[in-house]
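A structural walkthrough
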Amino acid sequence: QVRTNRLLIEAPILVNCAGAWAGRIAEQLDEPVPISVEAPMLMISERVAPFCNPVVGATGRPLSFKQFENGTVLIGGGHRGQADPARQETQLDMDGLAFSARTAQEIFPCMQDVRVLRCWAGIEAVMPDGIPVIGPSAKFPDTFHAFGFSAHGFQLGPITGQIIAHLAVQSEASLPIEAFSIGRFLE
C-alpha cells in the first residue's frame, strides 16, 4: 500500500524503480542504501546532413556523441551539473558543456558551425560501486528493486525490465542477478 495526500493505492507487487528517489523508498522498506545523485548534462544540435552512425566516445577525454536519424546530434559524456532532487531541479555547468562542444568540434570538424538548440541535465541515481540494484527486496516478498544505474539506465533499461517482469510473474530471475542484490549494502 502507498498512501498519498489524496488516496490509497494498493497493488500485489511493488517495484522500486524511482531513480534518484529510490533510496528514499528503500529506506522506507528498512533497506537503506548509500545512493547519491548526479546531474549528467547533454546538448542537442540543429539538424545536419548524416555523417556518423555509431555512438562515439573519446579516449582520454569525456565525450558521448550520437547522430540521430533526423540529423540532430546528441553531445554529452562525463561533465555534470548540480542536482537538487528535493526540488527536482538541476543547474547546468556551462564550462563543462563548452568543453564537450569543443571536444566534438575537434573530433568532427563538420560540427564547427552547427548550432546547439538546447541543453539539459537529468537527475541520476549513482551507487558507490557503479552497479545498479536489481532484484527482490531482502525483507519483503513481492517487492523488487531496479535503480542506481549510475548513468547507464538507457542501456540497461530494456533487460532490467525483462528481469523485473520475470521476477514479478515467475518469482525467479530470468538471468543471474545475485551481483545486483540490495543485500550487498545491508548489514
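Being a predicted model, the structure only gives us computed values, none of them experimental.

For helix H2 (residues 94-107), spanning 14 residues, the distance from its first C-alpha to its last is 20 Å, which sits close to the expected 20 Å at 1.5 Å a residue. Residues Gly96, Leu97, Ser100, Thr103 and Ala104 constitute the buried set of H2. Along the axis of H2, the buried residues cluster in a sector spanning 120°; they form a single face. Along H2, exposed side chains directed more than 90 degrees from the buried face belong to Met94, Asp95 and Glu106.

This part takes up the sheet that holds strand S12 (residues 143-147). Strands sit in the order S3-S12-S11 across an open sheet of three strands; the sheet is mixed. Both outer strands of the open sheet, strand S3 (14-16) and strand S11 (133-136), are each paired with one neighbouring strand and no more. Taken over all neighbouring pairs, the strand axes of this sheet differ in orientation by 15° on average, direction set aside. The sheet contact formed by S11 and S12 spans four bridges and is antiparallel. Opposite Gly135, over in S12, you have His145 as the bridge partner.

This part covers helix H3 (residues 153-170). Here H3 spans 24 Å end to end across 18 residues, near enough to the 26 Å set by a 1.5 Å rise per residue. In H3, a bend of some 35° at Ile159 exceeds every other bend along the element. Contacts made by the buried residues of H3 are with S3, S11 and S12. One or two residues past the end of H3 sits Ser171, with phi positive at roughly 65°.

Cut-offs used in this document
Sequence order as written defines residue numbering, which begins from 1 separately in each chain. Under the rules for a predicted model, residues below a pLDDT of 70 receive no local features and side-chain atom pairs below 80 are neither given nor counted, while totals for whole chains, interfaces and linings still include all residues. With hydrogens and water stripped out, all remaining heavy atoms of the structure feed into the side-chain values. Each helix is a run of DSSP H or I of at least 4 residues and each strand a run of E of at least 2, with the numbering of both proceeding from the N terminus. Given the number of residues in a helix, its expected span is that number minus one, multiplied by 1.5 Å. A simple rule labels every residue: compare its accessible area, found with a 1.4 Å probe on the protein chains alone, to the largest value its type can have, and call it buried under 20%, exposed over 50%, or partly exposed in between. This arc describes the spread of directions from the helix axis toward the C-beta atoms. Pairing between strands is defined by DSSP: at least two bridges between the two strands are required. Geometry is summarised by axes, namely lines fitted to C-alpha atoms with helices restricted to the contacting stretch, and by angles between N-to-C directions that run from 0 to 180 degrees. For a residue, the bend is simply the angle between two axes, fitted respectively to the seven-residue segment ending there and the seven-residue segment starting there. Any two residues whose heavy atoms approach within 4.5 Å at even a single point are treated as in contact.

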